[in-house]
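Summary of the model geometry
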Amino acid sequence: MWVILALLLALSSGVMSQDKLNVCMDAKHHKEKPGPEGDLYSQCAPWRDNACCTANTSTAAHNDSSYLYNFNWDHCGVMSDKCKKHFTQDTCFYECSPHLGPWIQDADESWRKQRILDVPLCKEDCHRWFEDCKNDFTCKTDWHKGWDWSSGVNKCPEGSMCRKWTEVYPTAKSMCEQIWSKSYLYTTLPNTSGRCMQLWFTGTNPNKKVAEYYLNNAQQHQSFALTTLLLMAAPPMWYHRDLSRAAAEELLARAGRDGSFLVRDSESVNGAYALCVLFQKHVHTYRVLPDDEGFLAVQTSQGVQPKRFKTLPELVSLYLQPSQGLVTTLLYTVDREETAVSDDRDYSAANGLSTISHEYLKGSYALDLEAVKQGASSLPHLNKTLVSSCKRLNGEVDKVLSGLEILSKVFDQQSAFMVSKMIQQSVNQGGDQELENLVTKLAILKDLLSSIEKKALKALQDMSLSSPCSLPPLSMRHSKAIPVQAFE
């Protein structure tokens, strides 16, 4: 069962990452989904091919006092035109850009549910903005909050003074990072780097590739953690977690065939692995190291470009092919010995999931592969397999959640409500909804397991300091038997 759980978590992470590449914020004037807007006005026009703003929003962005936010740029005298054009462009970028997904955060604000945080801004955009505004005046450092709105538009708060721009913002960096509560992150990257977002551009929107870079970079940093998760959840038989070097050599010598191999944890480098291969009665050991981006590679001689892999199984798969640089091709796995466990747990669900997975790999996998070769960007047969798996797994996860619900009602009322609501919502859900629901429940389950013991300990400590008392009784109305589950 845990093989499928790991696969679901990995898949859902990838799906959610791709969603972040073309998405609109849940904010005051944004559309629900990005799309073409042929009539965008003036400075907002570069986003016309794919925008999160409407034509009306783009027009209002150019007004000195618009219906968008009733914000008064002239709060310390008339703002110069050359300065104001940057704030207009900033508004167009904020309202229209569909490629801010990597930096969208939840916001606890009355007028919006989401905001952007630490968007890496190109050096030229920030410095031009600062240079064109440095002779203007303002009374506040952070324009997001602290204004006097008693008149319906923003005014300088009582006790504040209008000061020259450079007194409030000594540098371009301080202005870009502070003016909108860290919405932007100052960088020294040029707009040709492909690593920073541009407020100003013409033609094709360059910010899509920047968002792709940061999404891919985030996934790469997660790849080593994903390898660890997969190895913990369903380690391949050739992976021996805590095997010593001497024990590995003994196992390979016993195997006796050139090309026999296994992978073990490195004894000398934390987080690294050792790929051990038998050839001509000698065990050759290759160190497998994670790099700064989380990729795995076999350590090579100085000057030799290493081959990098997201996961350990991917690395092993390459070296199963001939002429890849090892002393010999990996031919025969030396499997670890499994300790037999005798208990009364029911493995029928896991066996069913294993059957579903094997059916996909034997048949439908080829259909998905052919579709990808033809340019498809989705895997319908794998999706169908996962949905089928979810139908079985949802029931198993619900049993565990139901058991934890009882403890939550005693020690953590807020979590108990959340668990009850989730179990109720799972009824009559199917298809993609079922997959999404399962991933959500797994996240809730993880949070519950990590927090419930601490909350229970605190509750019992509080009880021990007061007069002796018993646990509060649970309501038995509409109750049903909760099966006890062993959770590993």
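Report follows, based on the coordinates. (Residues numbered from 1 in each chain as written. Predicted model: local features only at pLDDT ≥ 70, side-chain atom pairs only at ≥ 80, totals over all residues. Heavy atoms only, no water.)

1. Here we look at helix α3 (residues 81-96)
- A rise of 1.5 Å per residue sets the reference length of α3, with its 16 residues, at 22 Å; its end C-alpha atoms lie 22 Å apart and thus fit the reference within 8%.
- The buried count for α3 comes to 13 of 16 residues, which makes it a mostly enclosed element. (Helix = DSSP H or I, 4+ residues; strand = E, 2+ residues; numbered from the N terminus. Expected span 1.5 Å × (residues − 1). Buried < 20%, exposed > 50% of the residue type's maximum accessible area, 1.4 Å probe, protein only.)

2. Thoughts on the pattern of salt bridges
- Across all of its chains, the model carries twelve salt bridges by this definition.
- With a closest N to O distance of 2.9 Å, E37 and K31 form a salt bridge. For the pair E37 and K31, a shared accessibility class is recorded, and that class is buried.
- Between E177 and K182 there is a salt bridge; the shortest N-O distance is 4.0 Å.
- You can call K182 partly exposed: its relative accessible area is 35%.
- Several salt bridges share partner residues, and in doing so they unite D118, K173, E177 and K182 into one network. (Salt bridge = Lys/Arg side-chain N within 4 Å of Asp/Glu carboxyl O.)

3. Description of the pairing of strand β8 (residues 260-265)
- Most of β8 is tucked away: five of the six residues are buried.
- Note that strand β7 (residues 239-240) and β8 share two bridges and pair parallel. Its bridge partner lying in β8, Y239 is registered against V263.
- Assessed by its sense of winding, the connection that carries the chain from β7 through helix α8 (residues 245-255) to β8 is right-handed.
- Two elements, β8 and strand β13 (residues 332-333), share two bridges in a ladder whose sense is parallel. Across the sheet, residue F261 finds its bridge partner in β13, namely T333.
- For β8 and strand β9 (residues 273-279), the ladder comprises five bridges, and the chain directions are antiparallel. Considered in β9, the bridge of V263 is made with L275. (Pairing = 2+ DSSP bridges. Right-handed = clockwise from strand over helix to strand, strands pointing away.)

4. Here's the deal with the state of the cysteines
- Summed over all chains, the structure comprises eight disulfides.
- Here C44 engages in a disulfide with C92; their sulfurs sit 1.9 Å apart. Across the disulfide from C44 to C92, rotation about the S-S bond amounts to roughly -80°, and the bridge is consequently left-handed. Of this pair, C44 sits in the loop between α1 (2-19) and α2 (55-60) while C92 sits in helix α3, placing them 48 residues apart in sequence. A single burial state applies to C44 and to C92, both of which are buried. (Disulfide = S-S within 2.5 Å.)

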